Amino acid sequence: MNEKIYRALGIGGAAGIAVGVIVLVTGLTAGIVSIVTGAQLLNKRKHVTF
């Protein structure tokens, strides 16, 4: 019985770490894309005339 609990905790811990890494990479990528897009918009703002 204890072996099942030990294995379940190991799988749960590994899954938690994997999800954390995926969320970290996704968040970092989204942040970089957002910064680059914002910089491009600020640069193109100079060329808009009303």
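None of the values given here were measured: they were computed from a predicted structure.

Q: Would you mind going over the overall build of the chain in detail, with residue names and values included?
A: In terms of regular secondary structure, the chain is built from one helix and zero strands. Relative to a compact globule of 50 residues, whose C-alpha radius of gyration would be 10 Å, the chain shows 22 Å and is clearly more extended. The C-alpha extent of the chain, read off along each of the three principal axes, is 75 × 15 × 5 Å. Expressed as a percentage of its 50 residues, the buried residues of the chain come to 0%. Surface summary for the chain: the accessible area is close to 4800 Å², and the carbon and sulfur share equals 74%.

Q: Describe in detail the environment of G31, supporting the description with residues and values.
A: With respect to the helices and strands, G31 occurs in helix α1 (residues 2-44). Assessed through its relative accessible area of 27%, G31 is described here as partly exposed. For the pair G31 and F50, spaced 19 residues apart in the sequence, the C-alpha separation amounts to 31 Å.

What counts, and where the lines are drawn
Residues numbered from 1 in each chain as written. Predicted model: local features only at pLDDT ≥ 70, side-chain atom pairs only at ≥ 80, totals over all residues. Heavy atoms only, no water. Helix = DSSP H or I, 4+ residues; strand = E, 2+ residues; numbered from the N terminus. Rg over C-alpha atoms; globule rule 2.2 N^0.38 Å. Buried < 20%, exposed > 50% of the residue type's maximum accessible area, 1.4 Å probe, protein only. Areas by Shrake-Rupley, 256 points an atom, 1.4 Å probe, with all protein chains shown as cover.

Remember that the coordinates give geometry; whether it matters functionally is a separate question.
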